[in-house]
Amino acid sequence: MKKYKLSVVGNNLQNFVNALINRKIQIYNAQIVDNVLYFEVQSSNVNKILTLFQKSNYEITILKSPLYKTKKEFFIKNLGIILSICLFFISCYTYTQHIWQYRIYGTENIDSNSIIQVLNDNGIKIGLNKRSIDTNNIERILQKNINNIALVSVNIAGSTLVISLSEKIDNTDLLDNTKPIISQYDCVITDIKTISGTPLVKKGDKVTAGQTLIGNYVVDSNGGYTQAKAIGEIYADVFFTYQKTYFKNEEILVRSNNKYVYNDINLFGIDLINKKSSKYKNYELESKVLTINNIFKITITQNTVYELIYTKIENDLNDIDKLTSDTIRLAKQKYSLDNYDNLITDVSKGEDYLTISTSFVVHKKIV
């Protein structure tokens, strides 16, 4: 336990110290400052000192006392906290001996929920003790019950069951003809698997729309060309680029106060009412779909048509943040993008105009 710190004021302080030494009362860090004696002493000797000099001319003051005088007092006063800490560590230990979550990686075409369902059906559930888990058996169960799994690896990390999959390549989704594989996008190649033909790009290459990715031929050892089907699977970071120029003074289309609402009705996939034209020259359309789940399978689409009119505006070309935000919003509308992996913006400013270019980067399978 920590020591008490005391101060003593009086004459002949050396006599005070000698009295303690004669009674085998040990003191620590003793020093005299401005005729005041400061020292530390064990808690068991404090009452002895106070009693010994009770009727003396020495003025004894306790400057600092420990929170707990003895170890027993410490444990008694903190019994609840100590028990709580013990229960906490026992609970943590118990918690770490069980599986409390799944982490599934490598699924693109396979539904993760179907994997969890197979696990549950075979008794592999949240809360299961890790000692009762056979990872090799889980791998066999998944390969037996889930289609399109080429390889599967199951491991336990902490309280997590980690499942890593490699899916079979669905040949029905691969381009399989005698023509070369052409990119439909401006993109950067992130992964390429060539089954047949000759790859003309590699991971990290920048590609423009219309560029050949896999040639429909193979080259033999003599440098000769042999016709072959171009078959492969390619992933890339695809760029969806949008550019808008803002002028200091310009005319734009904005909503007027005019609008009207009409409904399209579809029964069994047949349009009973489907109005395609609008009475406004320039307009904007918002639609809400309501499906009535009954035997008739009726779908009602509520359409709201807003009239657009030209309005003169003055843009603050110095407010780049606002104009950039407007450009991003318009680009999202054009490409119907809600999710993307990265966004690149570029600003070019002239005397009375500002051009903002945005590129959304989306990682996807392009072949």
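Check the entry above for the structure.
The model shown is predicted, which means the values in this text are computed figures rather than measured ones. (Residues numbered from 1 in each chain as written. Predicted model: local features only at pLDDT ≥ 70, side-chain atom pairs only at ≥ 80, totals over all residues. Heavy atoms only, no water.)

Draft legend 1. Up close: the overall build of the protein chain. Counting its regular elements, the protein chain contains 7 helices and 21 strands. Evaluated residue by residue, the protein chain yields a buried proportion of 31% over its 367 residues. Within the protein chain, counting contacts between residues at least 6 apart in sequence, those at least 24 apart form 61% of the total. Surface summary for the protein chain: the accessible area is close to 24300 Å², and the carbon and sulfur share equals 49%. (Helix = DSSP H or I, 4+ residues; strand = E, 2+ residues; numbered from the N terminus. Buried < 20%, exposed > 50% of the residue type's maximum accessible area, 1.4 Å probe, protein only. Contact = heavy atoms within 4.5 Å. Areas by Shrake-Rupley, 256 points an atom, 1.4 Å probe, with all protein chains shown as cover.)

Draft legend 2. Inspection of the nonpolar core at higher detail. Counting 20 residues, the largest nonpolar core has Cys 187, Ile 189, Leu 213, Ile 234 and Ile 366 as its most contacted members. Listed by contribution, the elements that provide at least two residues to this core are strand E9 (187-196), strand E12 (212-215), strand E15 (231-247), helix H7 (320-335) and strand E21 (353-365). Take this core: its biggest share by element is 5 residues, from E15. Ignoring sequence-local partners within four residues, the contact set of Ile 189 consists of Val 201, Lys 202, Lys 203, Gly 204, Asp 205, Val 207, Leu 213, Ile 234, Tyr 235, Ala 236 and Ile 366. Core analysis: the second largest hydrophobic core is formed by 19 residues, Ile 99, Ile 149, Ile 163 and Leu 165 among them. (Core = buried A, V, L, I, M, F, W, Y, C linked by side-chain atoms within 4.5 Å.)

Draft legend 3. Spotlight on the side chain of Thr 304. As for its placement among the helices and strands, Thr 304 is situated in strand E19 (residues 298-314). Overall, the relative accessible area of 12% leaves Thr 304 in the buried class. Once residues lying within four places of it in the same chain are set aside, the contact partners of Thr 304 are Lys 259, Tyr 260, Val 261, Glu 284, Leu 285 and Glu 286.

Draft legend 4. View of the sheet that holds strand E10 (residues 198-199). In spatial order, the strands read E8-E12-E10; together these 3 strands make up an open sheet with antiparallel pairing. In this open sheet, the two edge strands, each paired with only one partner strand, are strand E8 (181-182) and E10. Note: E8 against E12, 2 bridges, orientation antiparallel. Counted as the bridge partner of Ile 182 is Thr 212 from E12. (Pairing = 2+ DSSP bridges.)

Draft legend 5. Inspection of the side chain of Glu 233 at higher detail. Relative to the elements of secondary structure, Glu 233 occurs in strand E15. Classification of Glu 233 by relative accessible area gives buried; the value is 8%. Here Lys 365 takes part through its side chain, which lies 3.1 Å from a polar atom of the side chain of Glu 233. (Polar contact = N/O pair within 3.5 Å; in protein donor to acceptor, adjacent residues only side chain to side chain.)

Draft legend 6. Region of interest: the pairing of E12. Bridge count for E10 against E12 is 2 bridges, and the pairing is antiparallel. Paired with Thr 198 across the two strands is Gly 215, which belongs to E12.

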